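What the coordinates show
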Amino acid sequence: MNTSRLVLQVEGMTCASCVARVERALRAVPGVSAASVNLATERAEVTGQGLNRADLVRAVATLGYDVVSEPIDLVLEGMTCASCVARVERALKSVPGVSEAQVNLATERAHVTGQAEGAALIAAVEAAGYDARLAVSGLAEGVAARRQAEDSALRRDLWAAAALSLPVFVLEMGGHLLPWVHALVMSTIGMQTSWLLQCALTTAVLIGPGRRFYLKGLPALIRLAPDMNSLVAVGTLAAYLYSLTATFAPGLLPQGTVHVYYEAAAVIVTLILLGRFLEARAKGRTSQAIQRLVGLQPRTARVRRDGPAQDLALADLRRGDLIEMRPGERLPVDGLVTEGASWVDESMITGEPLPVEKTAGSRVTGGTVNQTGAFTFRAEAVGQDTMLAQIIRLVEAAQGGKLPIQALVDRVTLWFVPVVMGLALVTFAAWAALGPKPALGLALVNAVAVLVIACPCAMGLATPTSIMVGTGRGAEMGVLFRRGESLQALRDVRVVALDKTGTLTEGRPSLTDLHLAPGFERSGVLAAVAAVEAQSEHPIARAITQAALAEGLTLPPVTAFASRTGLGVEAMAGVMRVQIGADRFMVALGLDVGPFAELAQALADKGKTPLYAALDGRLAAILAVSDPIKPSTPQAIRALHGMGLRVAMVTGDNARTARAIAAELGIDEVVAEVLPEGKVQAIRRLKALGPLAYVGDGINDAPALAEADVGLAVGTGTDVAIEAADVVLMTGRLTAVPDAIALSQATMRNIGQNLFWAFAYNAALIPVAAGLLWPGFGILLSPVFAAGAMALSSVFVLGNALRLRRFAPQGVQP
């Protein structure tokens, strides 16, 4: 049975202990081999065999969390009448997990709600005899809308809680801080009325804005799986119930302990809501990379179908549609230019700053921006098949991933909340037994402070938020992390091995040198040689022909073309006999290549391929063809060396050429003349120097990419290479390699800072909240300040992660 993967959008998780419990519940479902839950993205990724979505949803719901049902829109093809609609609706409703399906014949769309996967819906429609594909709008937009609704609800509850808590705080704490406030309260409404008023306002806070903590936290406590909500619920209820007893049944409390702590319960709820609101706002900013990518898709496209062009919704586009583009418009999908010409800004996809010329036959990518001209292109990839949609899926997958470092955090936080509750009980018991009068009140206050300050939100957010921002920033730079784990692995790399052709070099041979013998002129020789070479399919021949055409030369007609095996080619170019080949061909013709011997040696030493040309039996010129080094390559090698990394070149090219290029670029290790299997062996040998990253672009690089600790595929390369890689460089710039490594290092550094803060913060403040400073300094931490400090902890972690949005490696990017 094949391994499958399901993604659930889980709502209601608030801390790292929630994450650990959801993961444990999902792993207990039959068929599940792995489950990874991300607090920042609120996504659970489950892999296994024979997965049943309903079972997974039930496992999550049992813990008290909700699995969000995002509606799925399908674009349908092949329906012709109302009976088709009924047949498709019946097929969709038969899919397990579907709660409702509506099919519209006019728009050829289906709107499905429930817990079914898009792939299962498409399969059901196809089994009914119709075609279907996912519409472009979908999960990313749904998640954004849900988060906006969450922000609105939190803002409303926060303002309500603040308005109700302020009078409570003033009535109680105002009297402690300012004697005249106490005197005013006592002389006007009196203490009992003040307590009754505080009771009414606090009750409104707890059953209104604060009820979310009790609806989640108390059931979790009953299931013996307490979370952050449980800590808040127990702490605030303890303060509230103690205050109720003091207000309405003071005789039940020991003498000298009749005090109220309404302000603690009310203000704690308010401050934690403030923290939640700030977290939600910050988490929204961490996912802005996805939102920006989604925003690159225009809503409509001008389509020519059997008549004049008309504007159609993006989801209604089909493969083969002719789409008209005007200056300044954003391309809706991927395709091939059929007529017209323009320059297109592809920087949002590749990171390349300069526009790219597009003419008939050029490929164009959805999300890029047409600059000055007008053209028409044929849609070749639409919906979820476009490059932009694939990039969005890659970024989502990377943002939802977990790093190895997170495993330790998960183990700690699973037991963190129960341990904190135990510490709170110990604190209460110690103060009640040993504390000064009023011991019971002080015991309650300190126990509540321990419960509130120890919420493990910051621990749960420390890693995923940095991953989200780091991978999102990478996408904006044209660096796509296919798996979040590659972020951590790339940080540890000590050796970078590079393929030569297409990675270090352009991958396209070009004419670099043309030196003439006395009595010949450049245009005549190049035109004659190019005319003959145009008859050959050899890459070197094409390079010479393209050079002549680029100079605007007119090529004479060619007759009597013949290839001399192992030597070269000859033909009549117009009325002139032209012979082109290696030095041995010239020697065979009885021509002396001595005058060019020194120059030929110098060209060969630079990794170039020298050729000779004879016209009408006279040695006319020496030419050199090479695969030019990319302009960004020297800068990239310098940057890698500047990071303390060793650089190796692994190539199937001849050793002399490889050594020449390595010497020119300052590459440390050279492995040449190897087949794809040999590249794998070379990678294994180079790993002895330390963790290794391999950069390649061709089909023959796929095994080496898979063998390396981290494989980086140049996005201009083949699909096979990209699939085998951990990181995809959307641009052909080699400086993207040090960019990716520097981003990995910055992200891991950011995660380390977050984790240190989260753990050190709790380790330092829990003892303070328990009263450690009381014996020596007489200092106690109020639960109100504990709640504020807890909120600040999460905000600090999120703010620190957001700094990665400004990441720009100095001296690496051009």
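Source: prediction; values computed, not measured.

Definitions and limits used
- Residues numbered from 1 in each chain as written.
- Predicted model: local features only at pLDDT ≥ 70, side-chain atom pairs only at ≥ 80, totals over all residues.
- Heavy atoms only, no water.
- Helix = DSSP H or I, 4+ residues; strand = E, 2+ residues; numbered from the N terminus.
- Buried < 20%, exposed > 50% of the residue type's maximum accessible area, 1.4 Å probe, protein only.
- Contact = heavy atoms within 4.5 Å.
- Areas by Shrake-Rupley, 256 points an atom, 1.4 Å probe, with all protein chains shown as cover.
- Pairing = 2+ DSSP bridges.
- Axes fitted to C-alpha atoms, helices over the stretch in contact; angles between N-to-C directions.
- Phe/Tyr/Trp six-rings, centres within 6.5 Å; stacked < 30°, edge-to-face > 60°.
- Patch = residues over 30% accessible without salt bridge, like charges linked within 9 Å, V, L, I, M, F, W, Y side chains within 5 Å.
- Salt bridge = Lys/Arg side-chain N within 4 Å of Asp/Glu carboxyl O.
- Lys, Arg positive; Asp, Glu negative; His and termini not counted.
- Charge placed at Lys NZ, Arg CZ, Asp CG, Glu CD.
- Polar contact = N/O pair within 3.5 Å; in protein donor to acceptor, adjacent residues only side chain to side chain.
- UniProt positions renumbered as here; feature names shortened; annotations may be inferred.
- Arc of directions from axis to C-beta.
- Core = buried A, V, L, I, M, F, W, Y, C linked by side-chain atoms within 4.5 Å.
- Parallel < 35°, antiparallel > 145°, perpendicular 65-115°, else oblique.
- Nonpolar A, V, L, I, M, F, W, Y, C, P; charged D, E, K, R; others polar.

**Let's talk about the overall build of the chain**
Helix and strand counts for the chain come out as 30 helices and 30 strands. Within the span of the chain, comprising 814 residues, buried residues form 54% of the whole. The contacts in the chain between residues at least 6 apart in sequence include a share of 69% that link residues at least 24 apart. By element, 60% of the accessible surface of the chain is carried by carbon and sulfur atoms, the whole surface being about 34,000 Å².

**Considerations on the pairing of strand 22 (residues 568-573)**
The buried fraction of strand 22 is high, at 6 of 6 residues. Every second residue of strand 22 is oriented toward a common face, with Gly 568, Glu 570 and Met 572 on one face and Val 569, Ala 571 and Ala 573 on the other, all of them buried. Where strand 21 (residues 558-564) meets strand 22, 5 bridges bridge the pair, whose relative direction is antiparallel. By the bridge assignment, Ser 563 is partnered in strand 22 with Val 569. Pairing between strand 22 and strand 23 (residues 576-581): 6 bridges, direction antiparallel. Within strand 23, the position partnered with Ala 573 by the bridge is Met 576. Remark: 2 residues form the turn of the hairpin made by strand 22 and strand 23, two consecutive strands paired antiparallel; Gly 574 in that turn has positive phi of roughly 70°.

**Looking at the sheet that holds strand 22**
For sheets, the rule is that strands pair by backbone hydrogen bonds, running either parallel or antiparallel. The antiparallel open sheet is built from 6 strands, whose spatial order is 20-25-24-23-22-21. The open sheet terminates on both sides in strands that have one partner only, identified here as strand 20 (510-516) and strand 21. Averaged over neighbouring strand pairs, the angle between their axes works out to 20° when direction is ignored. Docked against the sheet, helix 22 (residues 597-605) engages strand 20, strand 24 (609-615) and strand 25 (618-626), running at close to 10° with respect to strand 25.

**Some details on the sheet that holds strand 14 (residues 356-358)**
What the 3 strands build is an open sheet, ordered 14-13-16; its pairing is antiparallel. The sheet terminates laterally at strand 14 and strand 16 (369-370), the two strands that pair on one side only. Sheet analysis places strand 13 (residues 342-345) next to strand 16, joined by 2 bridges and oriented antiparallel. In the sheet register, Val 344 faces strand 16, and the bridge partner there is Asn 370.

**Description of the packing of aromatic side chains**
Tallying each qualifying case throughout the model produces 5 aromatic pairs. Note on Phe 375 and Phe 377: the rings are 6.2 Å apart at their centroids and 45° apart in plane angle, and the pair reads as tilted. Grouping residues by exposure puts Phe 375 and Phe 377 together as buried. Ring geometry for Phe 596 against Tyr 612: centres 6.5 Å apart, planes inclined by 55°, an arrangement best described as tilted. With a gap of 16 residues between them, Phe 596 in the loop between helix 21 (583-588) and helix 22 and Tyr 612 in strand 24 connect regions that are remote in the sequence. Tyr 612 shares its class with Phe 596; the two are buried.

**What about a positive patch on the surface?**
On the surface, Arg 749, Arg 803, Arg 805 and Arg 806 cluster together to form a positively charged patch. One can find Arg 803 in the segment after helix 30 (783-802). Note on Arg 803: relative accessible area 41%, which makes it partly exposed.

**Concerning the pattern of salt bridges**
Inspection of the entire model under this criterion finds 20 salt bridges. Close ionic contact of Arg 304 with Glu 339 constitutes a salt bridge, the shortest N to O distance being 3.9 Å. Of the two residues, Arg 304 sits in strand 9 (residues 300-304) while Glu 339 sits in strand 12 (residues 334-340), which places them 35 residues apart along the sequence. You can call Arg 304 partly exposed: its relative accessible area is 25%. Given the relative accessible area of 41%, Glu 339 is considered partly exposed. Here the salt bridges do not stand alone but share partners, grouping Arg 156, Asp 157 and Arg 212 into one network.

**Focus on the side chain of Thr 735**
Mapped onto the secondary structure, Thr 735 falls in the loop between strand 30 (727-729) and helix 28 (736-770). Of note is the side chain of Thr 735, whose polar atom sits 2.6 Å from the side chain of Arg 733.

**A word on unusual backbone geometry**
Within the chain, Ala 560 stands out as a residue other than glycine whose phi angle is a positive 55°. Here Ala 560 is to be found in strand 21. Backbone geometry places Asp 616, a non-glycine residue, at a positive phi of 50°. With respect to the secondary-structure elements, Asp 616 resides in the loop between strand 24 and strand 25.

**Considerations on the UniProt feature "transmembrane region" (unreviewed entry) in the chain**
If you check UniProt for "transmembrane region" (unreviewed entry), the listed places come out as residues 158-178, 184-207, 228-253, 259-278, 412-434, 440-463, 755-774 and 780-802 in our numbering. Within residues 228-253, the helical portion is 81% and the strand portion 0%, while the C-alpha atoms at the span's ends are 29 Å from each other. Between the C-alpha atoms that bound residues 755-774 the distance is 29 Å, and the span itself is 85% helix and 0% strand.

**Brief notes about the pairing of strand 23**
Taken residue by residue, a regular strand's side chains alternate between the two faces of the sheet. Relative to strand 24, strand 23 runs antiparallel, the two sharing 4 bridges. Opposite Ile 580, over in strand 24, you have Ala 613 as the bridge partner.

**A look at helix 22**
Every buried residue belonging to helix 22 is among Ala 600, Leu 603 and Ala 604, and all of these are buried. Seen along its axis, helix 22 keeps its buried residues to an arc of 100°; they face one direction. The elements touched by buried residues of helix 22 are strand 20, strand 24, strand 25 and helix 24 (655-665). The positive-phi residue at the C-terminal boundary of helix 22 is Gly 607, with phi of around 85°.

**A word on the nonpolar core**
Counting residues in each nonpolar core, the largest one holds 132 residues, and the members touching the most others are Met 13, Leu 26, Ile 272, Leu 490, Val 496, Val 695 and Leu 712. When residues in this core are grouped by element, the largest group, 15 residues, is from helix 28. When residues no more than four places from it in sequence are discounted, the contact partners of Met 13 are Cys 18, Val 19, Val 22, Val 37, Asn 38, Leu 39, Glu 42 and Tyr 65. In this structure, Leu 514, Ile 540, Ala 543 and Val 625 belong to the second largest nonpolar core, which totals 41 residues.

**Here's the deal with the side chain of Arg 733**
In this fold, Arg 733 is placed in the loop between strand 30 and helix 28. On the basis of relative accessibility, which here comes to 10%, the residue Arg 733 falls in the buried class.

**Details of a nonpolar patch on the surface**
On the surface, Leu 166, Phe 169 and Val 170 cluster together into a nonpolar patch covering about 250 Å² of accessible area. Relative to the assigned elements, Val 170 resides in helix 5 (residues 139-177).

**Topic: the environment of Gln 198**
Locating Gln 198 in the fold gives a position in helix 7 (residues 190-207). Each C-alpha atom, one on Gln 198 and one on Ser 165, is 8.7 Å from the other, the two residues being 33 residues apart in sequence. For Gln 198, the residues in contact, after removing those within four places along its chain, are Val 168, Leu 171, Glu 172, Val 260 and Tyr 262.

**So, the packing of helix 28 against helix 30**
Between two packed helices, the angle of one axis relative to the other and the distance separating the axes together describe the packing. Put simply, helix 28 and helix 30 touch, their axes get as near as 9 Å, and they point 170° apart. One element, helix 28, and the other, helix 30, form an angle in the roughly antiparallel class. For the pair formed by helix 28 and helix 30, the contact residues are Asn 750, Gln 753, Asn 754, Trp 757, Tyr 761 and Leu 765 on the first element and Ala 789, Met 790, Ser 793, Phe 796, Val 797, Asn 800 and Ala 801 on the second. Its residues placed into classes, the contact of helix 28 with helix 30 shows 8 nonpolar, 5 polar and no charged.

**Observations concerning the environment of Ser 536**
Among the structural elements, Ser 536 can be located in the loop between helix 19 (522-533) and helix 20 (539-550). A sequence separation of 26 residues divides Ser 536 from Ala 562, and the C-alpha atoms of the two residues are 9.9 Å apart.

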